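Per-entry structural report
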Amino acid sequence: QRDFSVYIVNCFDTYFAAKMLKLPTLSLAYLIKLFIGIDIDKRHQLSDWRVRPLPESMLTYARCDTHFLLSIYDKLCNEIHSSYQSEGLLNVLNSSKKLCLTTYHKE
C-alpha cells in the first residue's frame, strides 16, 4: 500500500508464524533452509525492483524467493496446529490481518 497503493487481504505472514513457533530466526531464507533444506541467495533483497527490464539475476532471485512459499505455508500451519491447535493459527492470521490493515499516509 505504501509504495504502490495496493491493499493485501487474506495474507499469511511467515514472520508471525515463525515468531509463534519461537524459531531462532524469522526470515524467509531461514524458513527455506529449515523446511526445504536449501540456502537461497538474498543479495537482491534490497535491490531497486523498479528497474526494467529486470536482470536475469533478479528474476532468478524472485523465482527462488517465491517458489517455496506454498510448501512453507503448509509446513508452518502444520507445526503451529501441532503445537498450539487452531488458536495458534488464528493468532497468526489475526496478526497478519492487522498488518495488512495498517494505513500509510504520504507526507
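Residues numbered from 1 in each chain as written. Predicted model: local features only at pLDDT ≥ 70, side-chain atom pairs only at ≥ 80, totals over all residues. Heavy atoms only, no water.

Along the backbone of the chain there are 4 helices and 0 strands. The secondary structure elements of the chain, listed N-terminal to C-terminal, are α-α-α-α. Projected onto its principal axes, the C-alpha positions of the chain cover 45 × 40 × 20 Å. Taking all 107 residues of the chain together, the buried fraction comes to 25%. Long-range contacts, defined as pairs at least 24 residues apart, comprise 62% of the intrachain contacts of the chain with a sequence gap of at least 6. Surface summary for the chain: the accessible area is close to 7,900 Å², and the carbon and sulfur share equals 56%. (Helix = DSSP H or I, 4+ residues; strand = E, 2+ residues; numbered from the N terminus. Buried < 20%, exposed > 50% of the residue type's maximum accessible area, 1.4 Å probe, protein only. Contact = heavy atoms within 4.5 Å. Areas by Shrake-Rupley, 256 points an atom, 1.4 Å probe, with all protein chains shown as cover.)

Taken together, the buried positions of helix H2 (residues 28-35) are occupied by Leu 28, Leu 31, Ile 32 and Phe 35. Within H2, the buried residues cover an arc of 100° as seen down the axis, which keeps them to one side. The secondary structure elements touched by the buried residues of H2 are helix H1 (14-20), helix H3 (56-67) and helix H4 (69-100). (Arc of directions from axis to C-beta.)

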